[in-house]
Amino acid sequence: MDCLFCKIAAGEIPSAKVYEDDKVLAFKDIEPQAPFHVLIIPKEHIASAGEINSDNSGIVAHIFEVTAALAKEHNLTDGFRLVTNCGVQAGQTVQHLHFHMLAGRNLGWPPG
Ligand code: 5GP
Ligand code: ZN
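This one's a predicted model, so the numbers in the text were calculated from it and none came from an experiment.

**A closer look at the overall build of the protein**
- Helix and strand counts for the protein stand at two helices and five strands.
- For the protein, the C-alpha radius of gyration of 14 Å lies close to 13 Å, the compact-globule estimate for 112 residues.
- In terms of overall dimensions, the protein has C-alpha extents of about 35 × 30 × 30 Å along its principal axes.
- A separation of at least 24 residues holds for 53% of the contacts in the protein among residues at least 6 apart in sequence.

Here is the structure:
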């Protein structure tokens, strides 16, 4: 399958890793939108949040655990945002589930 994030998860394309285990990978976004901008992905290919079901939802809980651990490790005491874009109107450009973890500046709300 020709999927950029599957290739990054497999190590076929390099990334700046900040966390890895057997199920997930977290790496720096190549075009950071905040001083801290990490993408957290399942190694398993899931196209988007719209494809989560009772068989694969465990990975989402695991990603949230990893997120909380990263926030502590990187001392993000002023907060962070965790967001996933799903589909065209949300601006999803890579069709492999990923959560943006953003921190280090005031983040606007609502998003543009
Ligand atoms: P989306 O637009 O789908 O929500 O997010 C995709 C994100 O992937 C974007 O923020 C983009 O900068 C990032 N991205 C795209 N290609 C690469 C890449 O090759 N390496 C890394 N580290 N990030 C990428
Ligand atoms: Zn993939």
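Once you've had a look at it, read on.
**Quick notes on the coordination of the zinc ion (ligand 2)**
- Around the zinc ion (ligand 2), the protein supplies Cys3 (SG), Cys6 (SG), His45 (ND1) and His96 (ND1) as donor atoms, at distances of 2.0 to 2.3 Å.
- For the zinc ion (ligand 2), the four donor atoms in the first shell make angles of 106 to 116° at the metal, a pattern classed as tetrahedral.

**Regarding the packing of aromatic side chains**
- Across all of its chains, the model carries two aromatic pairs by this definition.
- Taken together, a centroid distance of 5.5 Å and an interplanar angle of 85° make the contact between Phe5 and Phe27 edge-to-face. Taken as a pair, Phe5 in helix H1 (residues 4-9) and Phe27 in strand S2 (residues 24-28) lie far apart in primary sequence, 22 residues in all.
- The buried category is assigned to Phe5, whose relative accessible area is 6%.
- Taking 6.0 Å as the distance between ring centres and 80° as the angle between the ring planes, the aromatic pair formed by Phe64 and Phe99 counts as edge-to-face. Residue Phe64 is located in helix H2 (residues 58-73), and its partner Phe99 is located in strand S5 (residues 99-103); the two are separated by 35 residues in the primary sequence.
- Accessibility expressed as a relative area gives 8% for Phe99, which makes it buried.

Criteria and thresholds
- Residues numbered from 1 in each chain as written.
- Chains lettered and ligands numbered in written order.
- Predicted model: local features only at pLDDT ≥ 70, side-chain atom pairs only at ≥ 80, totals over all residues.
- Heavy atoms only, no water.
- Helix = DSSP H or I, 4+ residues; strand = E, 2+ residues; numbered from the N terminus.
- Rg over C-alpha atoms; globule rule 2.2 N^0.38 Å.
- Contact = heavy atoms within 4.5 Å.
- Donors = N, O, S within 2.8 Å, 3.2 Å for Na, K, Ca; no water.
- Tetrahedral: all angles 85-135°; square planar, octahedral: opposite > 155°, others 65-115°.
- Phe/Tyr/Trp six-rings, centres within 6.5 Å; stacked < 30°, edge-to-face > 60°.
- Buried < 20%, exposed > 50% of the residue type's maximum accessible area, 1.4 Å probe, protein only.

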